[in-house]
Amino acid sequence: KYEKIWLVFGILSLAIFLSIVGITAFGQGHTPAGGMDTIDPEKVNEIAPFDNPGVRQIDKNTYEVAIVGMAFGYNPSNIRVPVGKEIIFTLTSTDVVHSFTIKDTKVNMMVVPGRITHKSYTFDKPGKYLVLCNEYCGTGHHFMQTEIEVY
Ligand code: CUA
């Protein structure tokens, strides 16, 4: 008799446990992977940090660069960042998928409308770095580039 009670208790516990796992998994399924945030592509110019794109210092050793990609360029086009500091690139697109690829570095970001992507990078040499778009984005794709000055 007591065994039956324990069996029912066990099954109930299992059911509750499984439903909690299920709810958790469901909840996570709605969070974009890789820590990507979403953004309304039509309101990019009104939403921080893209309402004021460019370089801003976060703390002593960290800078954020907010950049908007669009056919066929990057806003802002003149980017200057210090050498040896952590630079967090934060990008989104207002139209189609582009990339933000800094030549000779590990920075190769997708720039996606509706999403905010981040990439941290520390330049170890000053100089001028070429930035290219690696995703075909239309007739001006091959002209879509800019330069970063590291000082
Ligand atoms: Cu932008 Cu290709």
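You'll find the structure just up there.
Here the structure is a predicted model, which means the values were calculated and not measured.

Enquirer: Can you walk me through the packing of aromatic side chains in this structure?
Expert: By convention here, two paired aromatic rings are described through the distance between centres and the angle between planes. According to the stated counting rule, one finds six aromatic pairs in the structure shown. Look at W6 and F9: their rings are 5.6 Å apart centre to centre, the planes differ by 90°, and that puts the pair in the edge-to-face class. Linking W6 with F9, this pair stays in helix α1 (residues 2-29), spanning three residues, or about one helical turn. We classify W6 as exposed; its relative accessible area is 58%. Put simply, the rings of Y74, F89, F100, Y121, F123 and Y129 pair up and form one aromatic cluster. Here the basic side chain of R80 rests over the ring of Y151, its NZ or CZ set 4.4 Å away from the ring centre.

Enquirer: Please explain the side chain of E64 as it appears in this structure.
Expert: Looking at where E64 falls in the secondary structure, it is placed in strand β3 (residues 62-70). A polar contact of 2.5 Å, which involves the side chain of E64, links it to the side chain of R56. Reaching out from E64, the side chain makes a polar contact with the side chain of T90 at a distance of 2.7 Å. If we skip the residues at most four places from it in the chain, E64 touches P49, G54, V55, R56, I58, I88 and T90.

Enquirer: What is the right way to read the side chain of T105 from this model?
Expert: With respect to the element layout, T105 can be found in the loop between β7 (98-102) and β8 (108-111). Look at T105 and you get buried, because its relative accessible area is 18%. There is a polar contact of 3.0 Å between the side chain of T105 and the backbone nitrogen of V107. Sequence-distant contacts of T105, that is, excluding residues within four places in its chain, are made with Y121, F123 and Y129.

Thresholds applied
Residues numbered from 1 in each chain as written. Predicted model: local features only at pLDDT ≥ 70, side-chain atom pairs only at ≥ 80, totals over all residues. Heavy atoms only, no water. Phe/Tyr/Trp six-rings, centres within 6.5 Å; stacked < 30°, edge-to-face > 60°. Helix = DSSP H or I, 4+ residues; strand = E, 2+ residues; numbered from the N terminus. Buried < 20%, exposed > 50% of the residue type's maximum accessible area, 1.4 Å probe, protein only. Lys NZ or Arg CZ within 6 Å of the ring centre and 35° of its normal. Polar contact = N/O pair within 3.5 Å; in protein donor to acceptor, adjacent residues only side chain to side chain. Contact = heavy atoms within 4.5 Å.

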